[in-house]
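This is what each chain is made of:
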Number of protein chains: 2
Amino acid sequence: MFTPSDKCPRRDACVRNGKGLIHMKDLTDQKGLYDHGRLFAHVTIDPGCSIGDHPHDHETEFYYIIKGEGVFNDNGTEVVVRPGDICATGYGEVHGLENRGTEPVELIALIVQE
Amino acid sequence: MFTPSDKCPRRDACVRNGKGLIHMKDLTDQKGLYDHGRLFAHVTIDPGCSIGDHPHDHETEFYYIIKGEGVFNDNGTEVVVRPGDICATGYGEVHGLENRGTEPVELIALIVQE
């Protein structure tokens, strides 16, 4: 099934007590992932905004960076992430992502459950 | 865990008897998906190349287009796909994707199993 970009559901949310509103475009839902996952989305973080730090256990979240440059909290260590980098967080690890730059940061987020 | 782009595994393959070689950059493996999926990859289709038509049953494959313009076989119907479009194929449906243009087509591919 083909779904054009403008028909995808979009929502804005404060994520894990981060800064500002994060833009989420859902690419499927939990049923589309056969209940093995709970997120597959194109996420945009505007300058000055962030996804707050939070842990993942019994599930893994992937951030695949496709545009911009952000500061990723990799379980306590700050790393600058750029397009093409992949971040995987699970097994009780903590992550967060902040846009300290001047251009939006865009990523594909995927959460797969154990 | 942060993995910079240049450390991701890459491979080239003829996919489902399509035209030419498709470039695959794996973003995780089957274990990283808790065995609920078998592919999460950044895929590049050069001009003149294609992923051949094939079915998916007991699993769904998503193509999320991030660059370029391709011709998607949506279970028998041709559709032009562009960045931001999402294509989901499962439940016995057939898909394929051909690059008839002059620029590479890039997409995120995800296969989730029932």
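Predicted model only: the values in this text are computed from it and were never measured. (Residues numbered from 1 in each chain as written. Chains lettered and ligands numbered in written order. Predicted model: local features only at pLDDT ≥ 70, side-chain atom pairs only at ≥ 80, totals over all residues. Heavy atoms only, no water.)

Draft legend 1. The arrangement of the sheet that holds strand β4 (residues 37–45) of chain B in detail. As summarised here, the arrangement of the seven strands in space is β1(A)-β9(B)-β6(B)-β11(B)-β4(B)-β3(B)-β2(B), forming an open sheet in which the pairing is antiparallel. Where the open sheet ends on each side, the last strands, each with one partner, are β1 (2–3) of chain A together with β2 (10–13) of chain B. (Pairing = 2+ DSSP bridges. Helix = DSSP H or I, 4+ residues; strand = E, 2+ residues; numbered from the N terminus.)

Draft legend 2. Just the relation of the copies chain A and chain B, in detail. Once turned by 180° and shifted 0.0 Å along the axis, chain A lies on chain B with an RMSD of 0.0 Å. When the rotation and shift are considered jointly, the pair of chain copies conforms to a two-fold rotation axis. Within chain A, H36 of chain A has its C-alpha nearest the rotation axis, a separation of 3.3 Å. (Least-squares fit on C-alpha atoms with pLDDT ≥ 70 in both.)

Draft legend 3. Focus on the packing of aromatic side chains. This structure, assessed with the given rule, holds six aromatic pairs over all chains. Plain terms: the ring middles of Y34 of chain A and Y91 of chain B are 5.9 Å apart, the flat faces sit at 45° to each other, and that makes the pair tilted. Taken together, the residues span two chains, with Y34 of chain A in the loop between β3 (22–26) and β4 (37–45) and Y91 of chain B in the loop between β9 (86–89) and β10 (93–98). On the accessibility criterion, Y91 of chain B (58% relative accessible area) is exposed. Seen from their ring centres, Y63 of chain B and F72 of chain B are 6.0 Å apart, and the 75° between their planes marks the pair as edge-to-face. (Phe/Tyr/Trp six-rings, centres within 6.5 Å; stacked < 30°, edge-to-face > 60°. Buried < 20%, exposed > 50% of the residue type's maximum accessible area, 1.4 Å probe, protein only.)

Draft legend 4. Here's a closer look at the sheet that holds strand β8 (residues 77–81) of chain A. All names here are of chain A. A sheet is described by the order of its strands in space; here four strands give the open sequence β5-β10-β7-β8, paired in antiparallel fashion. This sheet does not close on itself; its edge strands, each paired only once, are β5 (50–55) and β8. Adjacent strand axes in the sheet meet at a mean angle of 15°, parallel and antiparallel pairs treated alike. Pairing geometry for strand β7 (residues 70–74) and strand β10 (residues 94–98), over four bridges, is antiparallel. Across the sheet, residue F72 finds its bridge partner in β10, namely L97. (Axes fitted to C-alpha atoms, helices over the stretch in contact; angles between N-to-C directions.)

Draft legend 5. Geometry of the UniProt feature "domain: Cupin type-2" (unreviewed entry) in chain A. Here the UniProt feature "domain: Cupin type-2" (unreviewed entry) sits at residues 42–109 of chain A. Along residues 42–109 of chain A one finds 0% helix and 63% strand; the C-alpha atoms at either end are 6 Å apart. (UniProt positions renumbered as here; feature names shortened; annotations may be inferred.)

Draft legend 6. Spatial organisation of the interface of chain A and chain B. Between chain A and chain B, the residue contacts involve 38 residues of the former and 38 residues of the latter. Interface area lost by chain A to chain B is led by M1, F2 and Y34 of chain A, which between them contribute 24%. If you look at where chain A meets chain B, you find zero salt bridges. The interface formed by chain A and chain B contains 27 residue pairs in polar contact (both at pLDDT 80 or more). Broken down by secondary-structure element, the contributors of at least two residues to the side of chain A that touches chain B are β1, β4, β6 (59–67), β8, β9 (86–89) and β11 (105–113) of chain A. No other element matches β6 of chain A, which puts five residues into the side of chain A that touches chain B. Class assignment for the residues of the side of chain A that touches chain B results in 22 nonpolar, 10 polar and six charged. (Contact = heavy atoms within 4.5 Å. Buried area = accessible area lost by both parts, 1.4 Å probe. Salt bridge = Lys/Arg side-chain N within 4 Å of Asp/Glu carboxyl O. Polar contact = N/O pair within 3.5 Å; in protein donor to acceptor, adjacent residues only side chain to side chain. Nonpolar A, V, L, I, M, F, W, Y, C, P; charged D, E, K, R; others polar.)

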